[in-house]
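Observations on chain architecture
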Amino acid sequence: MSRKKATFAQLIDYISAGATSERFTFRHNTYTQNTDGIKREFVENARLLRQRKNGVFLYHEILSIKRNPRLTLEEQQAKLAEIVRLYIEARAPRQLAFGMMHNDHPEHLHFHLVISSNSVGSQERERLSKKQFSDIQTHLERYVLERYAELNQQAVFRDNLTPEQREAQKQKARVSQKGAELKRRTGKTPARDQVKETIEQIFSHSRTPQDFTESMNKAGFTLYQRGQYAGIEQDGKKYRFATLGLAEHWVRFDAKMRESMKPQNTPQSDAESVQVHPETSQRTQQNTAQDTPTERVEKPVIVEQVAETFDSLKEEVQHLSGFHEVEQERERRLKEMRAKREQQAKHQNSDEDSHTHRQR
């Protein structure tokens, strides 16, 4: 935070009053040790600045780390003090800086800093571009994550995030600002938040496609998919899962539903076997009669093809509103595939007969 007034004394008094102790006091490019002398150094250095409208005199900055119960308080304070030193060396190597540690928050430790806008003895203000300042913060955070892993800090800057953390951050940023403002003003939960909460419960409680369909109908939702985007529709209003921050939830849930629809690998009796084409069923019964008692009947070929064809089937019926329709469409396509294979076999036999006749 920049200040356009030379309020060095006021800020230094505030920092000193809230400090837990003087042990971790930080001084950079100062000659005196007491606060009164440090105030004078800041004021005298600021007098060298060229007069400019809205010119910055100082910066008030705060560095903090989340508390870790596995480390002692003194260990964490010492590490934070070292992080502050590294930060100032990169951010303001030639400027005046003073700071003290505050220990008044139950969840984190923080360090207050006052930094002069000009280097010692200079008339010009030091300026960092947004990119330069961001690079300093990013590099320091990366160093802390690697060098002080025992602090168990979490990355904040995008370059230091894992792919999963980046996706979570991206979806969190999509939260409606208008909805957040409505909740702040009226205390009412926005409709989008209510929809999201309901969908999360449906994903959590549904174990089968039937459960999912029943829960969706009960909530008044209809599943829709347009291209690569999926979502739900309620009363003519559409909500994408990505917009709700549920894209990853949907991918995992969809995979779980597909897995539940695959045929089981456990042996089945004749009465429990899957219904197949009459010719395939007859062929299976013949094989069963020829097998020895210790042999297991092979599954019909068509059953093994269900899992392989399901992915392509689903892409073509994504416009349907539930998993019941997907199942019906799958059965229809399987029948078409069987009929097509039979037709191809007839054509092939006919071509072979014609070829044989021409040879004669």
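These numbers were taken from a predicted model, which means no experiment stands behind them.

We now examine helix H7 (residues 191-205). Given 3.6 residues to a turn, an α-helix orients residues that are three or four positions apart in the same direction. Its 15 residues place the ends of H7 21 Å apart at the C-alpha level, agreeing with the 21 Å of an ideal helix rising 1.5 Å per residue. Along H7, the residues classified as buried are Val195, Ile199, Ile202 and Phe203. For H7, the angular spread of buried residues about the axis comes to 95°, placing them on one side.

Once that is clear, we can look at the pattern of salt bridges. This structure, assessed with the given rule, holds eleven salt bridges. Of the charged contacts in the structure, one is a salt bridge between Glu124 and Arg50, with a shortest N-O distance of 2.5 Å. Taken together, the residues Glu124 in the loop between strand E5 (108-119) and helix H4 (130-147) and Arg50 in the loop between helix H2 (35-46) and strand E3 (58-66) connect sequence positions 74 residues apart. A residue is classified by how much of its surface remains accessible, and Glu124, at 43% relative accessible area, is partly exposed. Under the relative-accessibility criterion, Arg50 is labelled partly exposed at 48%. The salt bridge involving Glu89 is made with Arg85; its shortest N-O contact spans 2.6 Å. Taken as a pair, Glu89 and Arg85 lie in helix H3 (residues 73-91) at a separation of four residues, close to a single helical turn.

Take the sheet that holds strand E1 (residues 2-3) next. One open sheet accounts for five strands, arranged E1-E3-E5-E4-E2; its pairing is antiparallel. Since the sheet does not close on itself, it has two edges, and those belong to E1 and strand E2 (26-28), each with one partner. Here E2 runs beside strand E4 (residues 95-102); their pairing, made up of three bridges, is antiparallel. In the strand pairing of E4, His28 is matched with Ala97.

Before going further, it helps to examine the pairing of strand E7 (residues 229-234). The side chains of a regular strand alternate between the sheet's two faces. With five bridges joining them, strand E6 (residues 222-226) and E7 adopt antiparallel strand pairing. Its bridge partner lying in E7, Arg226 is registered against Tyr229. In textbook terms, the turn of a hairpin is the stretch between consecutive antiparallel strands, and for E6 and E7 this stretch comprises two residues, one of which, Gly227, has a positive phi near 65°. Where E7 and strand E8 (residues 237-240) come together, four bridges link them in antiparallel fashion. In the strand pairing of E8, Gln234 is matched with Lys237.

Conventions and cut-offs
Residues numbered from 1 in each chain as written. Predicted model: local features only at pLDDT ≥ 70, side-chain atom pairs only at ≥ 80, totals over all residues. Heavy atoms only, no water. Helix = DSSP H or I, 4+ residues; strand = E, 2+ residues; numbered from the N terminus. Expected span 1.5 Å × (residues − 1). Buried < 20%, exposed > 50% of the residue type's maximum accessible area, 1.4 Å probe, protein only. Arc of directions from axis to C-beta. Salt bridge = Lys/Arg side-chain N within 4 Å of Asp/Glu carboxyl O. Pairing = 2+ DSSP bridges.

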